[in-house]
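# Coordinates in review
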Amino acid sequence: MSGKDWFAHETACIDENVRIGAGSKIWHFSHVMSGSVIGERCNIGQNVVIGPDAVVGDGCKIQNNVSVYKGVTLEDDVFCGPSMVFTNVFNPRAHIRRMDEARPTLVRKGASLGANCTVVCGTTVGRYAFVGAGAVVTRDVPDHALVYGNPARQHGWVCQCGEKLGKDLVCPACGRRHVLDSTGGIRPE
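### Section: the side chain of serine 24
- Summarising the element assignment, serine 24 is placed in the loop between strand S3 (19-20) and strand S4 (25-26).
- Separated by 2.6 Å, the side chain of serine 24 and the backbone oxygen of glycine 39 make a polar contact.
- Look past the residues within four positions of serine 24 in its chain and what remains in contact with it is Asp5, Trp6, Phe7, Ile38, Gly39, Glu40, Arg41 and Cys42.

### Quick word on the pattern of salt bridges
- Applying the stated criterion across every chain yields a total of five salt bridges.
- Note that glutamate 40 and arginine 41 form a salt bridge whose closest N and O atoms lie 3.5 Å from each other.
- Its relative accessible area of 38% is what places glutamate 40 among the partly exposed residues.
- Residues lysine 109 and aspartate 77 are paired through a salt bridge, measuring 2.9 Å at the closest nitrogen-oxygen approach. With lysine 109 in the loop between strand S15 (105-107) and strand S16 (112-113) and aspartate 77 in the loop between strand S12 (72-74) and strand S13 (79-80), this residue pair connects regions lying 32 residues apart in the sequence.
- Owing to a relative accessible area of 30%, lysine 109 belongs among the partly exposed residues under this scheme.
- On the basis of relative accessible area, aspartate 77 is assigned to the partly exposed category, the value being 35%.

### Here we look at the pairing of strand S22 (residues 153-157)
- Sheet analysis places strand S21 (residues 145-148) next to S22, joined by three bridges and oriented antiparallel. Bridged to alanine 145 within S22 is tryptophan 157.
- In sequence, S21 turns back onto S22 through a hairpin of four residues, with glycine 149 there showing a positive phi of about 105°.

### Some remarks on the side chain of aspartate 181
- Tracing the backbone through its elements, the reader meets aspartate 181 in the loop between strand S23 (178-180) and strand S24 (186-188).
- Within the buried core, aspartate 181 has no salt-bridge partner, and the shortest N-O distance to an opposite charge, that of arginine 187, equals 5.2 Å.
- Among the polar contacts listed, one links the side chain of aspartate 181 to the side chain of threonine 183, at a separation of 2.6 Å.
- The residues touching aspartate 181, leaving out its near neighbours within four places in the chain, are Asp143, Ile186 and Arg187.

### Considerations on the environment of arginine 153
- Position of arginine 153 among the secondary structure elements: in strand S22.
- When neighbours within four sequence positions are excluded, arginine 153 is seen to be in contact with Arg139, Leu146, Val147 and Tyr148.

### Looking at unusual backbone geometry
- Residue proline 52 follows glycine 51 across a cis peptide bond; omega there is 10°.
- Turning to its location among the elements, proline 52 is positioned in the loop between strand S8 (49-50) and strand S9 (55-56).
- Geometrically, the link from asparagine 150 to proline 151 is a cis peptide bond, its omega value of -5° lying close to zero.
- Tracing the chain through its elements places proline 151 in the loop between S21 and S22.
- With phi around 60°, asparagine 47 is a residue other than glycine that occupies positive phi space.
- Looking at the secondary structure, you find asparagine 47 in the loop between strand S7 (43-44) and S8.
- Overall, the relative accessible area of 39% leaves asparagine 47 in the partly exposed class.
- In the Ramachandran plot, histidine 144 falls in the positive-phi region, its phi being about 65° despite a non-glycine side chain.

### A look at the sheet that holds strand S18 (residues 124-125)
- Taking strand neighbours across the sheet as the criterion, the six strands line up as S3-S6-S9-S12-S15-S18 in an open arrangement whose pairing is parallel. The open sheet is flanked by S3 and S18, the only strands paired with a single partner.

### Things to note about the packing of aromatic side chains
- A full pass over the atoms with the stated rule returns one aromatic pair.
- Ring centres 5.1 Å apart and planes at 55° place the aromatic pair phenylalanine 7 and tryptophan 27 in the tilted group. Of this pair, phenylalanine 7 sits in strand S1 (residues 7-8) while tryptophan 27 sits in the loop between S4 and strand S5 (31-32), and the two are 20 residues apart along the sequence.

Here is what the cut-offs are and how they apply
Residues numbered from 1 in each chain as written. Predicted model: local features only at pLDDT ≥ 70, side-chain atom pairs only at ≥ 80, totals over all residues. Heavy atoms only, no water. Helix = DSSP H or I, 4+ residues; strand = E, 2+ residues; numbered from the N terminus. Polar contact = N/O pair within 3.5 Å; in protein donor to acceptor, adjacent residues only side chain to side chain. Contact = heavy atoms within 4.5 Å. Salt bridge = Lys/Arg side-chain N within 4 Å of Asp/Glu carboxyl O. Buried < 20%, exposed > 50% of the residue type's maximum accessible area, 1.4 Å probe, protein only. Pairing = 2+ DSSP bridges. Lys, Arg positive; Asp, Glu negative; His and termini not counted. Phe/Tyr/Trp six-rings, centres within 6.5 Å; stacked < 30°, edge-to-face > 60°.

Interpretation note: all reported values are geometric properties and have no functional meaning in isolation.
As structure tokens, then:
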């Protein structure tokens, strides 16, 4: 199945009432649920669930076995590593319906979420932040922060290009200089 300007593998399930941007690709056994929005040039890996009503920005890469639940918004250029997890209800119980208590989660532009990490609902992951593989994010992550561990704690800063910054906040790869900002994160100078 494919749209006018996007592609979905024949095993993918695309519900009605979805928006999929030009150049996006949806691979094997994935499901895009009603009300979801997928931006342009996205790559949705195998066995991924989007929605219902989830928002995926332009240029996102969602690796295999990820569920982007209702209440999750990914801004442009977000990377979701294989088998990473979003939660949507803070204290779920099988015998109590709590979907009306879903807490929104925001992943800002350019952030990377490592393989098998968990992002607990109600948090924001900042612009170009880097969440290490296996981390458990239980609170907001500042722009450009490098976090890992359980619970995730900050262990430095990363450049927009993904390289860890030294104490001088200068990228060793691209030379970009950074300064602290009023939000508790950093930004390019």
